[in-house]
Amino acid sequence: MSRVYNFSAGPAVLPEEVLKEAAAEMLDYNGTGMSVMEMSHRSKAFEEIIRTAEADIRELMNIPDNYKVLFLQGGASQQFAMIPMNLMKNGVADYIVTGQWAKKAYQEAQKYGKANKIASSEDKTFSYIPDCSDLPISEDADYVYICENNTIYGTKYKELPNTKGKTLVADVSSCFLSEPVDVSKYGVIYGGVQKNVGPAGVVIVIIREDLITEDVLPGTPTMLQYKTHADANSLYNTPPAYGIYICGKVFKWLKKQGGLAAMKEKNEKKAKLLYDFLDQSKLFKGTVEPKDRSLMNVPFVTGDKELDAKFVKEAKEAGFENLKGHRTVGGMRASIYNAMPYEGVEALVEFMKKFEEENL
């Protein structure tokens with residue numbers, strides 16, 4: 001069996017150890033005589049899976065007791081509507097637009113109230129994070145919204161915005177569990193798991209309890225109310241059971257790796273290797289302002305579209321998959337999430353050096 005180095009932005013690489021464990025348990029989970037895919041979500045066995053998963057993510061992220069952890073469906077994209085539906089009490093929210101996903105969230109919020117774009121980096125193709133130390137926060141804003149790591153453009157907030165006392169809501173899909181985080185600084189922190197945590201189909205929402213109320217926008221569907229899921233411990237209806245099971249295994253794997261501080265160290269080491277090469281390369285160059293570079297998603301270009309295409313093709317032939325940049329940007333992008341081993345980045349850099357020698 002040959003495994004490739006998968007640099008996909010999501011669904012993305014998972015720890016091999018987790019996949020092997022899941023494979024071993026496929027036909028008989030823990031003596032139940034059935035697969036997790038087949039068991040009732042009301043069974044004792046599944047209840048233990050979801051409770052353990054929650055306990056482990058709480059431990060990993062040091063989540064305070066006054067926050068709920070919800071395992072939901074609909075991806076991060078469904079949260080673009082769910083957030084204003086549940087949190088807009090004054091009908092006003094401020095958005096910082098630093099990429100495609102923040103932009104989509106901002107556009108969606110406009111359907112439910114007044115969404116203000118208080119800062120943006122669209123003027124330079126989202127290649128930087130704007131200064132957020134003194135923004136024109138609306139006095140009656142219900143929350144301030146950010147996408148903390150921009151998968152497509154490869155930028156990351158190194159400092160959270162000064163929200164001047166307003167609730168911070170953050171989409172962390174592509175940096176989820178990649179480094180320690182102070183959950184108490186956020187009202188809501190959420191992410192689709194298919195980038196750094198598990199298979200597609202689960203979105204995890206960590207939300208402060210005071211934000212979970214029945215006072216939602218008129219017409220908000222039952223399934224789109226946080227209270228519905230918080231009251232039912234994420235078991236209001238059939239949850240994405242198998243996805244939650246895999247996430248739980250990834251949480252255990254992360255604990256075994258030494259937790260989020262250890263992961264941050266590993267991720268910094270991997271990213272440094274790739275960025276250092278890009279910074280001295282005569283052929284390739286990074287597209288992001290160095291101070292705002294993501295540890296997870298690294299976009300780069302040669303400056304020549306045909307050469308970019310040639311690189312992606314030859315890389316694929318050499319066992320490096322999914323290096324093509326997002327269709328809105330072009331070029332290349334290497335997503336180097338938690339489960340991407342250091343050797344994978346090392347091998348990619350060696351391949352890039354060879355390509356550079358042959359094509360300069």
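Small disclaimer: the values here were computed from a predicted structure and weren't measured. (Residues numbered from 1 in each chain as written. Predicted model: local features only at pLDDT ≥ 70, side-chain atom pairs only at ≥ 80, totals over all residues. Heavy atoms only, no water.)

1. Thoughts on the domain arrangement of the chain
Considered domain by domain, the chain is made up of domain 1 (17-256) and domain 2 (259-359). Counting residues at the interface gives 28 residues for domain 1, matched by 25 residues for domain 2. Taking both sides of the interface into account, the surface hidden between domain 1 and domain 2 amounts to around 2100 Å²; carbon and sulfur atoms contribute 54%. In terms of surface lost to domain 2, no three residues of domain 1 exceed I152, G154 and S178, which account for 20% of the buried area on that side. For the pair domain 1 and domain 2, the number of links is zero salt bridges. (Domains from an automatic or database assignment. Contact = heavy atoms within 4.5 Å. Buried area = accessible area lost by both parts, 1.4 Å probe. Salt bridge = Lys/Arg side-chain N within 4 Å of Asp/Glu carboxyl O.)

2. A closer look at the layout of surface pockets
The calculated volume of the largest pocket comes to roughly 510 Å³. Element by element, the count of residues in the lining of the largest pocket is highest for helix α7 (residues 259-280), at five residues. Shared between two domains, the lining of the largest pocket holds at least three residues of each, these being domain 1 (17-256) and domain 2 (259-359). As a volume, the second largest pocket reaches approximately 410 Å³. (1 Å grid on protein atoms, 1.4 Å probe; cavity = no way out; pocket = protein on both sides within 12 Å on 5 of 7 lines; lining within 4 Å. Points joined across faces, edges and corners; volume = space filled by probe spheres on them. Helix = DSSP H or I, 4+ residues; strand = E, 2+ residues; numbered from the N terminus.)

3. With respect to empty space enclosed by the protein
Throughout the structure, instances matching the rule amount to two cavities of 30 Å³ or more. In this structure, the largest cavity encloses a volume near 40 Å³. The wall of the largest cavity is formed by V13, L14, P15, N196, V250, W253, L254, Y337, N338 and A339. A per-class count over the lining of the largest cavity returns eight nonpolar, two polar and no charged. Residues from two domains meet in the lining of the largest cavity; each of domain 1 (17-256) and domain 2 (259-359) gives at least three. In this structure, the second largest cavity occupies an estimated 30 Å³ of space. Taken together, Y275, G286, T287, V288, R293, V298 and P299 form the lining of the second largest cavity. (Nonpolar A, V, L, I, M, F, W, Y, C, P; charged D, E, K, R; others polar.)

4. Some points on the pattern of salt bridges
Pairing between side chains becomes possible if they bear opposite charge and their charged atoms approach one another. The full count for this structure, using the stated rule, is 27 salt bridges. Between K313 and E317 there is a salt bridge, and its shortest N-O distance comes to 3.0 Å. Placement of the pair is K313 and E317 together in helix α8 (residues 305-317), with a separation of four residues, close to one helical turn. Take K313 and E317: they sit in the same class, and that class is exposed. Each of D56, E59, K252 and K255 takes part in a single network of salt bridges with overlapping partners. (Buried < 20%, exposed > 50% of the residue type's maximum accessible area, 1.4 Å probe, protein only.)

5. Here we look at the sheet that holds strand β5 (residues 144-147)
As summarised here, the arrangement of the seven strands in space is β2-β10-β9-β8-β5-β3-β4, forming an open sheet in which the pairing is mixed. Unpaired on one side and paired on the other, β2 (67-72) and β4 (114-120) mark the two borders of the sheet. Geometrically, the sheet is characterised by an average inter-axis angle of 20 degrees between neighbouring strands, direction not taken into account. Sheet analysis places strand β8 (residues 168-171) next to strand β9 (residues 188-192), joined by three bridges and oriented parallel. Bridge pairing in β9 links V169 to V188. Here helix α2 (residues 44-61) sits on the sheet and contacts β2, β9 and β10 (203-208); the angle it forms with β2, its principal contact strand, is near 130 degrees. Relative to strand β3 (residues 92-97), helix α4 (residues 100-109) is tilted by about 160 degrees, and along the sheet it contacts β3, β4, β5 and β8. (Pairing = 2+ DSSP bridges. Axes fitted to C-alpha atoms, helices over the stretch in contact; angles between N-to-C directions.)

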